[in-house]
Amino acid sequence: MNRTRMLMTAVTTSLMLTGTLPVPEAVVPAFGQTAPQPDESWKTDPQVQEAANSIKPEIPCWQHSQTQEEIVKAFPQFDAAMVQRSLKLLVYKGDLKQSGDGSKENPFVYSRVCGGAD
Amino acid sequence: MDALLREYRRSRLKFFARYGARWPETLADEFDLLAPCELGRAEADEILNATASLARIYGRAAQLLRRLSDGALLQMGVPGYLLPTVRRTIPGMADCVIGRFDLARTEHGYKLLEFNADVPGFLVEAFSVNTAVCRHAGKEDPNECGERDLVQALTEAVQAGIKYVGRIEGEHANVVVTSGGRYPRDRAMAEYLCRLLEAFPAQYAPIESLGIDAGGLYDPSGSRIHVLYRFFRLQLIRNELFRPRGTSVEPEMGGLVLRFVERRRLAIINPPFSFLLQSKALQAVIWNLFESGQYFAEDERRLIERYMLPTYLDPPPDNTAYVVKPVYGAEGDTVKVVTPAGGVVGQSVYTSYSDQLMVYQKYVDLMPSEMMTEYGPRTLHVVTSCFLLAGKPSGICMRAGEAITDESAWVLPVCIGC
């Protein structure tokens, strides 16, 4: 229950600081538990953005879902890692849907998004 | 059985031939709508009561959210670029103008699955379509006053938005409803809202057709927009969605639109705060405060116990089946049902949100029942929903589909049967 405990510590600390909850004798600090941060450079890397800009206009033409391998073949100007990062960016920005888990048996497959409302 | 299926198909075709043209792009085809489900008046009242109770809990949770540190919001999965804007309220506008609670009907009453507070869909189906189905069937419509409530909630929100950007009464204000232009169903919903807002009036424009510069957001004719109703998720708004006017605009998530809201040059509906209410991590916060007896009053704790499900950011401590879902997911994407032994018994096709923070919510069965479809009888799972319109429960709707409800689900109209 590590994540839950950390979140609730942050929530109760905020509430204590604003006087919404009484302060107990010893307040558990919400800090000092720094988890390793994942590499999120793909969100801001201009080269990834450029590759995504090249792939995005092709998406409306897709008649069916595309595997990562198919997309890599369709964009030989980018290496596989760059395509992978730009696909991640397009999923993050809501331009693509992803299925599969990225394993050899169940590779990532990408398709067009059908709507924005939930 | 063949005769029953033929009769079912004939009846769906007849309804669609008569009414289908009213909702182009909303219903995929004549069989998108199932035959109406009859609810007892007491059952409909229970759904409205559950919604009102949940609205009360979320109202209290909203007070709490306003006091949370940036660190706590980040731990709830709020993207960093939204932090400067997301607590912002627009005076006179509800924190969530149009929201929808998704509920599961269980042996122990209705339980909240999630609150769609940012960009809820199914408006046309719940209000316009449902009314036509009930009239056609000669049945009472549980959402009879729904469209009126919707107009009132929207009108008040737009008026608050106009005031927020400094327009005085009687001065022209440019009200735009937008959606991604490539999504016909969202566009149909946006155009429906434009019709409801004809008093202002409101115009529809695809988001890609809107212009942007350092001074504001503009409709396709170049007039500055004052109030924007968006069928577009807050976390996906970014500079590069819009057409730059004059000088180019650097790509940036959130970007200028959020700054226009901060500087009172633009009001958006739903307001930014609705994004915090949408977080499934908030369900975990509410449940854990309930469990520890903190923050909520005794009567509120009773409502949480009655209408909410145990939800955590980690697999639950007791050996129960649970559902794993992303805090800011949508359309049943990246959802998994896990058994007490850890086996996956169901999962959505899509995995688009697998990088997001996940919540672990106690699994409740969406009680399966046999329903006639165009393919013959099918065992389907029903999600019951009810809209919350500026704090007022109004508009019951249902969808029937697989154990994990996604965009493939049928629309199940609702009428009062007895």
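See above for the structure.
Residues numbered from 1 in each chain as written. Chains lettered and ligands numbered in written order. Predicted model: local features only at pLDDT ≥ 70, side-chain atom pairs only at ≥ 80, totals over all residues. Heavy atoms only, no water.

(A) The arrangement of helix 1 (residues 2-17) of chain A in detail. In this model helix 1 of chain A runs 22 Å from its N-terminal to its C-terminal C-alpha over 16 residues, within 8% of the 22 Å that 1.5 Å per residue would give. Among the residues of helix 1 of chain A, Thr4, Leu7, Met8, Thr9, Ala10, Val11, Thr12, Thr13, Ser14, Leu15 and Met16 of chain A are the ones counted as buried. Where helix 1 of chain A is buried, its residues touch helix 2 (41-65), helix 3 (70-75), helix 10 (280-291) and strand 11 (311-312) of chain B. Just downstream of helix 1 of chain A, Gly19 of chain A is the residue with a positive phi angle, here 80 degrees. (Helix = DSSP H or I, 4+ residues; strand = E, 2+ residues; numbered from the N terminus. Expected span 1.5 Å × (residues − 1). Buried < 20%, exposed > 50% of the residue type's maximum accessible area, 1.4 Å probe, protein only. Contact = heavy atoms within 4.5 Å.)

(B) Just the nonpolar core, in detail. Core analysis: the largest hydrophobic core is formed by 143 residues, its most contacted members being Ile98, Leu193, Phe231 and Leu277 of chain B. The element contributing the most residues to this core is helix 2 of chain B, with 11 residues. Leave out the neighbours within four places in its chain, and Leu193 of chain B touches Ile98, Leu123, Leu154, Val177, Tyr229 and Phe231 of chain B. Within the second largest apolar cluster, 18 residues are counted, among which are Trp42, Ile59, Met82 and Leu90 of chain A. (Core = buried A, V, L, I, M, F, W, Y, C linked by side-chain atoms within 4.5 Å.)

(C) Local environment of the sheet that holds strand 1 (residues 66-67) of chain A. Residues and elements named next belong to chain A. Reading across the sheet, the 3 strands line up as 1-3-2 and stay open at both edges, with antiparallel pairing between neighbours. Two strands close off the open sheet at either side, each with one partner strand: strand 1 and strand 2 (96-99). Direction of pairing for strand 2 relative to strand 3 (residues 109-112): antiparallel, over a ladder of 4 bridges. When the sheet's bridge partners are listed, Gln98 is paired in strand 3 with Tyr110. Lying on the sheet, helix 4 (residues 80-92) is in contact with strand 2 and strand 3; it crosses strand 2 at an angle near 115 degrees. (Pairing = 2+ DSSP bridges. Axes fitted to C-alpha atoms, helices over the stretch in contact; angles between N-to-C directions.)

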